[in-house]
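Each chain, written out:
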Amino acid sequence: MSYILLSVLLLPTIAVPLVYLVGRKSAKWAAILLALISLVSLGLILTTVHAILGPDHRYMETYTWIPVLNSQFALFVDGISISMAIITMVLMLAAALYSINYMQGKKNLEIFYALLTLLLVGLVGVFITSNLLFFYFCWELMLVPAFFIVGNWGYRDSYKASFKFFVFTHAGAVFVLLGIGAIYMTTHSIDLFQAERLLLTQSPDIVRWILLALTAGFAVKMAIFPVHLWLPDAYSESPAPMSALLGGVLTSAGAYAIIRISMETVFPVVMGTQFGTDFLHGLAIFGVISAFFGSFIALAETDLKRIISYSSISHMGYILFGVSLFYTSAGALIQVAVAGTVLHIVTHGLSKGLFFLSAGSLMNSLSLRNIRDMGGIAGKMPITGTASATAAFSIGGAPPFACFISEFFIFMGAFQMIPLDGFYIWPTALMLVATVLSLGYSLRFMSNVFLGPSKLGEIKKKSLEVPRFMLLAMIILTVFVIIIGIYPSLFMNLINTVTFL
Amino acid sequence: MLADVTSWLVWIFPLVSSVFVPLIARAGEKARNAFVIGVTAVTASLALTLIPAASSGEGGAINLVAPWISQAITAGVYIDPLSVLFTCLVGFFGLIIAIYSLGYMKHEENLTRYYFYLLLFIGSMIGLVISDNFLQLFIFWEMVGLCSYSLISFWNNRPESVKAGNKVFIMTRIGDASLLAAVGILYASLNTFSFHGTITAILNGTLPSSTLTVVAFLVLGGAIAKSAQLPLHTWLYSAMEAPTSISALLHAATMVKAGVYLIARFILIAAPMIAVLEGSWLPTVAWIGVLTAFLGATMALYTPDIKGVLAYSTVSQLGFMMAALGTSLAASESLGWFASLFHTMSHAFFEGLGFLLAGGIIHALGTRDMRLMGGLRKAMPVTYALAIIMILTTSGLPPFAAFFSKGLIITSITEEGSLLQVILIYATTAITFAYSLRFVKLIFLGKESEHLQKLHPHEAPKIMLAPAFVLAVACLIWGFLEPWLGSYMGVAEVPSLLSSFVGLETAIFAVILIPAGLLIYAAYWKNYSIMNSLRSASNPLAKLLSHGYFFDDFYEKVVAKGVMLFSRGVKFFEVVFLEIFPMVFANMVIRFAGGVHKYFEAAADQLLTVIAGRTVDSAAKVKTLDSLADRFLDIIARHTLRSASRAEGSSSSLQHYLAAALLGFIVLVILLIISVGV
């Protein structure tokens, strides 16, 4: 038996005090250590790829844990988890490198990097465990470091934003805990896969409440309208590397949890019932509302980071819409929709991370936030400009950038659904309109910030480009976004192994 | 086989090479320019090598695939006469424009970006026409939009360019959403993206005819936006903010021709079921084409912008192509289908020529306003001569290319279309002649304008004239290649060359060109009051034309403003109802609770005071109770002391209890650990 996943989990755990100690000597080396840890974890988790592509489609490690509770401590990766874990590590790598220059001169950086490492533990834990108790533990573990990072190293009224973030997501977590407790009460198992089997014997009338509680809890993390209120503040006030992680993986964790627990584990019980169909329709409606709401505000907003934040809400709407397409009302799985949705979580995560990092670079160089005060700096910041354009057009859904292909497959799923369920005609049509709006705010961002006449006055410096580690981080993500856009099979092959059954 | 390799290379090579432009630019400008010319030349020759492969396909297309997204979703190339025709067009124009750019863009900055996007543009367009499936086609379809956005807003410190770029991207995106829906529906019903699979399914009749109709209309939506047809034609005029070399490329080969290609390709794919589309779809295509042709031509009559005339001319000519496609009934055997493609090529030559000349003129004069020009024939004689060839071709006079292609289109419309369509298309031909003459009159004829006298313009440099010269020659000879192209495209019945010369169309042409000539003569050479009043800005007709039938006003002032206003409304809603309102509500609750708290505290205080006062009062009054109270206090004190001493004892026993409990807990933990089996 190998210990790959356990070491992926333990490596950052052990590294937390180590990063702290190194950070007291030199913040730069702490960041490099964190980057190395992400890189090694990435390498470790990639060794499981051949097992996932193999006949089992899953790689598992089981340890005994609290036998009284009849609980096994099981770690696993399948096509979805490993995709999530990969973007987590890539984004953490980029964020750590980026912070070297970006956070320079800030206080208490050893704590900052230790908290980031702790955040990595929580994120990895959420994505690779099948034990619901441990899942919840990690779910909360994501929240705590995020709260302190946003509050302590953020901008303007950061503790207020951070408090809002904490209160909202914690309230969501209560629902998650209720749901997990209910799963344990009904099945006497807290293992995801056992529960999946055991729940099927339960009555749909009870399970529907579990489904609703869990989905509501995860939706808060995903920032679906109307529980999105924490997101714009938290995203826009936090330091850029943290924004990238929040936008790239923390909200994605919500989407992952909806797919993994709500849809894969709990939903099959109510599948085929009227409630099941209504539930999916509800998801679609909330998805469409979020997509529109986010796009419209992103079109009206003038704050650099708030535009990106609202575009996040909009894209979470796409993902939720994609999730609603997973099962037909007859209970068949629409594979294209699953592939598109999961791929969209990946592509959106990377693009949004890149978007926030480039926004951070702009703020770093210009010390401005309002896009109306900028303009005409494409020539002064060529690499940041390229990175921003890549991110903006990816978010806007233009090929050859990554988000295009995933959006495309979500729509392919939608069109497969329409003949089976006429309800989906209008949501799909509206989502098509939303793609035009996405492109609209992306173009507005680019033309206001980088193109047009400069409103900055005379710039004496020849170049406003940011220091090299920030550039390196942005280049890494840019390359990822373009490569996935051209050759999506990198993730598609992994995701397509998921059958849910 | 050679074609196996070249059909992949022809689009991958320019795409990959584009990435190297910034790297090679470090070696110097000369190296970069040489590289770009080299790449475009290689691409053009690769495109030419495909010609024999397509004709040897014996009716069937060569279809090569490679694994891409999954086993079922592959990347591939599709070689048939249609795709090769467009590939050659794009390859040829890529080379022409790259050479022209050397002269035209000589003094510009940021040329590395320019050439990067130029190669990307060429590669994407070839990729679009050579794709063997709808997914790949759609990706390149969008990439062409992205490249045109980047190139139209190339002078990105000019707000007009940036605005035009955004407009182009957004407007074509509306069509893209429509095409996406079409692709989605096809994929949902056939579970394949590939042309080959779709054709097979249509042949077997697995595609319901209602689905095919819906798909056809959605495809048309995509083509309308990309090919600037009514009502989404306005972006093409705005796209004139691009460098002129890019305008030439955009109009002649890339971007706008994509819509024509798509419809032509779709007709080929749907050929076995074309009867389904006969009822509503084909007439719609034809009507959109005819109306666009007519309205585009009328707008070209009025605009003062030298590139504006050419832009509206393109809109109008694209209308001709669409109209021809709409009248093609029996697919590839059909005249209309072939006429449209034939005209696509001739339009590329004369419109490309027009833009190259306009570029030279703008270069020399530094303005696009034709009202400031005039009398340029002396200063730029070569340009003048080439412009004459250009307008003769545009108007469709023999023996130039457009005479043959327009003749075919009109024949096709006469055969299949309605009478009104025929009348409109003839009227359009007359107006075309009129605006072409106006173009030459305003720029070259007459006296030298004041603007000109100040400038002392000179002839365009040789490197810009040479490509124009090549195109002029193409205009001259292309028409005579009609029989060859007909047999190459596999079209059985193409009217012979001779009949084109002496046919009915020629006669009608000649007749209708006379009123057009008279019209223009009256409007510009003579000073008739009725014509002057028509041209004055206050005339409603003039207003209508100068505003382009108010399409743009509607889009910019109603649609775009409306969306922005609505966004602000949504933001306001968010701020007021979702941010402030809950905050106010929470504050109210807190304040209310505070008020209640204060009120109760005051009330309690008062109550206590009252009770205390009463007690004191009554105590003072009842003096007899005094001694009683003294004794009572004594008793209480004694009791308290006694109970205090008792409490001391019990507190010491509490410690014992605590110790016992702790011991028990430890034992429990030990038991637990043993049972766990660590």
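This one's a predicted model, so the numbers in the text were calculated from it and none came from an experiment.

Colleague: Sorry if this is basic, but what is going on with the overall build of chain A here?
Modeller: Secondary structure assignment for chain A yields 19 helices and two strands. Since a compact globule built from 501 residues should have a radius of gyration of about 23 Å, the 22 Å found for chain A is in line with a globular shape. Referenced to the eigenvectors of the C-alpha coordinate spread, the extents of chain A come out at roughly 70 × 55 × 40 Å. The burial tally for chain A puts 67% of its 501 residues in the buried class. In chain A, 82% of the contacts between residues at least 6 apart in sequence involve partners at least 24 apart.

Colleague: What exactly am I supposed to notice about the environment of valine 84 of chain B here?
Modeller: Residues and elements named next belong to chain B. Checked against the element boundaries, valine 84 lands in helix α3 (residues 81-104). Taking the C-alpha atoms as reference, valine 84 lies 9.3 Å from isoleucine 126; in sequence the two are 42 residues apart. Here valine 84 is in contact with Leu50, Ile51, Ala54, Ile79 and Tyr488, once residues within four sequence places are set aside.

Colleague: Help me understand the side chain of serine 7 of chain B, please; the structure alone is not making it clear to me.
Modeller: Residues and elements named next belong to chain B. Along the chain, serine 7 turns up in helix α1 (residues 2-25). Its relative accessible area of 0% is what places serine 7 among the buried residues. Those residues in contact with serine 7, other than ones at most four positions away along the chain, are Leu50, Leu64, Val77, Ile79 and Ile130.

Colleague: Please explain the interface of chain A and chain B as it appears in this structure.
Modeller: Reports of interface size often rely on the accessible area that becomes lost once the parts have come together. Counting residues at the interface gives 52 residues for chain A, matched by 43 residues for chain B. Taken together, the two surfaces of chain A and chain B that pack against each other cover about 4,000 Å², and 75% of this comes from carbon and sulfur. Among the residues chain A hides against chain B, the three largest losses belong to Phe296, Phe408 and Phe415 of chain A. Together they make up 13% of the total. Linking chain A with chain B are one salt bridge. Summed over the shared surface of chain A and chain B, the result is four residue pairs in polar contact (both at pLDDT 80 or more). Those elements that provide at least two residues to the side of chain A that touches chain B are α7 (158-187), α10 (230-237), α12 (274-300), α15 (382-396), α16 (402-417), α17 (425-449) and α19 (489-495) of chain A. Per element, the largest residue contribution to the side of chain A that touches chain B is 10 residues, and it comes from α17 of chain A. Here the side of chain A that touches chain B is composed, by residue class, of 36 nonpolar, 11 polar and five charged.

Colleague: Help me understand the environment of tyrosine 318 of chain A in this model?
Modeller: All names here are of chain A. If you trace the backbone, tyrosine 318 turns up in helix α13 (residues 304-323). Linking tyrosine 318 and phenylalanine 491, residues 173 residues apart in sequence, is a C-alpha distance of 19 Å. Not counting residues within four places of it along the chain, the set of residues in contact with tyrosine 318 comprises Ala291, His344, Glu407, Ile410, Met431, Ala434, Thr435 and Ser438.

Colleague: Where do I start with helix α11 (residues 240-270) of chain A in this structure?
Modeller: Side chains that are three or four residues apart share a direction in an α-helix, a result of its 3.6 residues per turn. Residues and elements named next belong to chain A. For α11, built from 31 residues, the straight-helix expectation of 45 Å at 1.5 Å per residue is met to within 8% by its first-to-last C-alpha distance of 42 Å. Taken as a whole, α11 carries its principal kink of about 35° at methionine 263. Most of α11 sits inside the fold, with 30 of its 31 residues counted as buried. One or two residues past the end of α11 sits glycine 272, with phi positive at roughly 90°.

Colleague: Is there a simple way to explain the packing of helix α2 (residues 27-46) of chain A against helix α4 (residues 79-102) of chain A in this structure?
Modeller: A packed helix pair is summarised by two numbers, namely the angle formed by the two axes and the spacing between the axes. Residue and element names in this part refer to chain A. At a closest axis distance of 8 Å, the pairing of α2 and α4 adopts a crossing angle of 160°. Between α2 and α4, the crossing angle belongs to the class labelled roughly antiparallel. Where α2 crosses over α4, the handedness of that crossing is left-handed. Facing α2, whose interface residues are Lys28, Ala31, Ile32, Leu34, Ala35, Ser38, Leu39, Ser41, Leu42, Ile45 and Leu46, α4 presents Ile82, Ala85, Ile86, Met89, Val90, Met92, Leu93, Ala96, Leu97 and Ile100. Its residues assigned to classes, the contact of α2 with α4 comprises 18 nonpolar, two polar and one charged.

Colleague: What is the right way to read the packing of aromatic side chains from this model?
Modeller: Any aromatic ring pair is given by two values, namely how distant the centres are and how the planes are angled relative to each other. This structure, assessed with the given rule, holds 52 aromatic pairs over all chains. Both rings, one in tryptophan 8 of chain B and one in tryptophan 11 of chain B, keep their centres 6.0 Å apart while their planes meet at 40°; by these two values the pair is tilted. Of this pair, tryptophan 8 of chain B and tryptophan 11 of chain B both sit in helix α1, three residues apart, which is roughly one turn of the helix. By relative accessible area, tryptophan 11 of chain B is classed as buried at 8%. Taken together, the ring pairs connect Phe404, Phe408 and Phe409 of chain A together with Phe138, Tyr187 and Phe193 of chain B into an aromatic cluster. Taking NZ or CZ as reference, lysine 406 of chain B lies 5.0 Å from the ring centre of phenylalanine 320 of chain B, over its face.

Colleague: How should I be thinking about a nonpolar patch on the surface in this particular structure?
Modeller: Residue and element names in this part refer to chain A. On the surface, Ile383, Ile475, Val479, Ile483, Ile486, Tyr487 and Leu490 cluster together into a nonpolar patch covering about 590 Å² of accessible area. For the nonpolar patch, the element with the highest residue contribution is helix α18 (residues 468-486), accounting for four residues. By secondary structure assignment, the location of isoleucine 486 is in helix α18.

Colleague: I keep staring at the pattern of salt bridges and nothing clicks. Help me out?
Modeller: Under the counting rule described, the total for this entry stands at 16 salt bridges over all chains. The shortest N-O distance in the salt bridge between arginine 369 of chain A and aspartate 303 of chain A comes to 3.1 Å. You can see arginine 369 of chain A sitting in the loop between α14 (335-366) and α15 and its partner aspartate 303 of chain A sitting in the loop between α12 and α13, a full 66 residues away along the chain. For the pair formed by arginine 369 of chain A and aspartate 303 of chain A, the shared burial category is buried. Note that arginine 265 of chain B is salt-bridged to aspartate 80 of chain B, the shortest N-O span being 3.0 Å. With a gap of 185 residues between them, arginine 265 of chain B in helix α11 (residues 256-269) and aspartate 80 of chain B in the loop between β2 (74-79) and α3 connect regions that are remote in the sequence. Of the two residues, arginine 265 of chain B and aspartate 80 of chain B, both sit in the buried class.

Colleague: What's the story with the confidence of the model for chain A in this structure? I'm lost.
Modeller: The predicted coordinates of low-pLDDT regions are not to be read in fine detail. With 98% of its residues at a pLDDT of 70 or more, chain A shows a mean pLDDT of 87. Model confidence for chain A, summarised as mean pLDDT per element, is weakest for strand β1 (residues 58-64) of chain A at 81 and strongest for α4 of chain A at 92.

Colleague: Sorry if this is basic, but what is going on with unusual backbone geometry here?
Modeller: Residues other than glycine predominantly adopt negative phi, and peptide bonds predominantly adopt the trans conformation. Here the amide bond leading from proline 399 of chain A into proline 400 of chain A is cis, since omega sits at 5°, within 30 degrees of zero. Mapped onto the elements of the fold, proline 400 of chain A is located in the loop between α15 and α16. Cis geometry marks the peptide bond from leucine 230 of chain B to proline 231 of chain B, where omega comes out at -5°. Relative to the helices and strands, proline 231 of chain B is located in the loop between α8 (209-226) and α9 (234-238). Positioned with a positive phi, serine 367 of chain A is a non-glycine residue whose angle comes to about 55°. Along the chain, the position of serine 367 of chain A falls in the loop between α14 and α15.

Colleague: What's the story with the packing of α4 of chain A against α18 of chain A in this structure? I'm lost.
Modeller: Residues and elements named next belong to chain A. At a minimum axis distance of 6 Å, the contact between α4 and α18 shows a crossing angle of 160°. With respect to α18, the axis of α4 lies roughly antiparallel. Every pair of crossing elements has a handedness; the one defined by α4 and α18 is left-handed. Contacts between α4 and α18 involve Val90, Leu91, Leu93, Ala94, Leu97, Tyr98, Ile100, Asn101 and Tyr102 from the first element and Arg468, Phe469, Met470, Leu472, Ala473, Met474, Ile476, Leu477 and Phe480 from the second. A class-by-class count of the residues in the contact of α4 with α18 yields 16 nonpolar, one polar and one charged.

Cut-offs and rules
- Here the residue numbers are simple positions, counted from 1 along each chain's written sequence.
- Chains and ligands are labelled sequentially in the order written, the chains with letters from A and the ligands with numbers from 1.
- Given that the model is predicted, a residue must reach a pLDDT of at least 70 before its local features are reported, and side-chain atom pairs must reach 80 or more before they are shown or counted; all residues, however, enter totals for whole chains, interfaces and linings.
- Values reported for side chains reflect all heavy atoms of the structure, with hydrogen atoms and water molecules removed beforehand.
- Under the scheme used here, helices are H or I runs from DSSP no shorter than 4 residues and strands are E runs no shorter than 2 residues, and both carry numbers assigned from the N terminus.
- Within these notes, the globule rule equals 2.2 Å times the number of residues to the 0.38 power, and the radius of gyration is based on C-alpha atoms.
- Categorising residues by exposure relies on relative accessible area from a 1.4 Å probe, with only protein chains included: less than 20% of the type maximum marks a residue as buried, more than 50% marks it as exposed, and the intermediate range marks it as partly exposed.
- Working rule for contacts: check all heavy atoms of both residues, and any pair within 4.5 Å makes them a contact.
- Summed over both partners, the accessible area lost on bringing two parts together, with a 1.4 Å probe, is the buried area.
- Salt-bridge detection follows one rule: a side-chain nitrogen of Lys or Arg within 4 Å of a carboxyl oxygen of Asp or Glu.
- In protein, a polar contact requires one atom able to donate a hydrogen and another able to accept it; more generally it is a pair of N or O atoms within 3.5 Å, and residues adjacent in sequence count only if both atoms are side-chain atoms.
- When residues are grouped by polarity, Ala, Val, Leu, Ile, Met, Phe, Trp, Tyr, Cys and Pro land in nonpolar, Asp, Glu, Lys and Arg in charged, and all others, Gly among them, in polar.
- Here the expected span of a helix is defined as 1.5 Å times the quantity of residues minus one.
- Here the bend at each residue means the angle between axes fitted to two seven-residue stretches, the one ending at that residue and the one beginning there.
- For helices, the fitted axis covers only the stretch in contact; all axes are lines through C-alpha atoms, and the angles between them, taken along N-to-C directions, range from 0 to 180 degrees.
- Angle categories are assigned with fixed cut-offs, so that under 35 degrees is roughly parallel, over 145 is roughly antiparallel, 65 to 115 is roughly perpendicular, and the rest are oblique.
- Should the near helix be turned anticlockwise from the far one by less than a right angle, the crossing is left-handed, and should it be turned clockwise, the crossing is right-handed.
- Each pair of aromatic rings taken from Phe, Tyr and Trp, with Trp reduced to its six-membered ring, is defined by centres within 6.5 Å and is described as stacked if the planes are under 30 degrees apart, edge-to-face if over 60, and tilted in the remaining cases.
- Two conditions define a charge located above a ring, namely a distance within 6 Å from the ring centre to NZ of Lys or CZ of Arg, and an angle within 35 degrees of the ring normal.
- Only residues above 30% relative accessible area that lack a salt bridge enter a patch, with like-charged residues linked at up to 9 Å and the nonpolar side chains Val, Leu, Ile, Met, Phe, Trp and Tyr linked at up to 5 Å.
- The protein chains shown are the only cover counted for residues, whose accessible areas, like all others here, come from Shrake-Rupley with a 1.4 Å probe.
- Within a predicted model, pLDDT stands for the predictor's per-residue confidence, ranging from 0 to 100.

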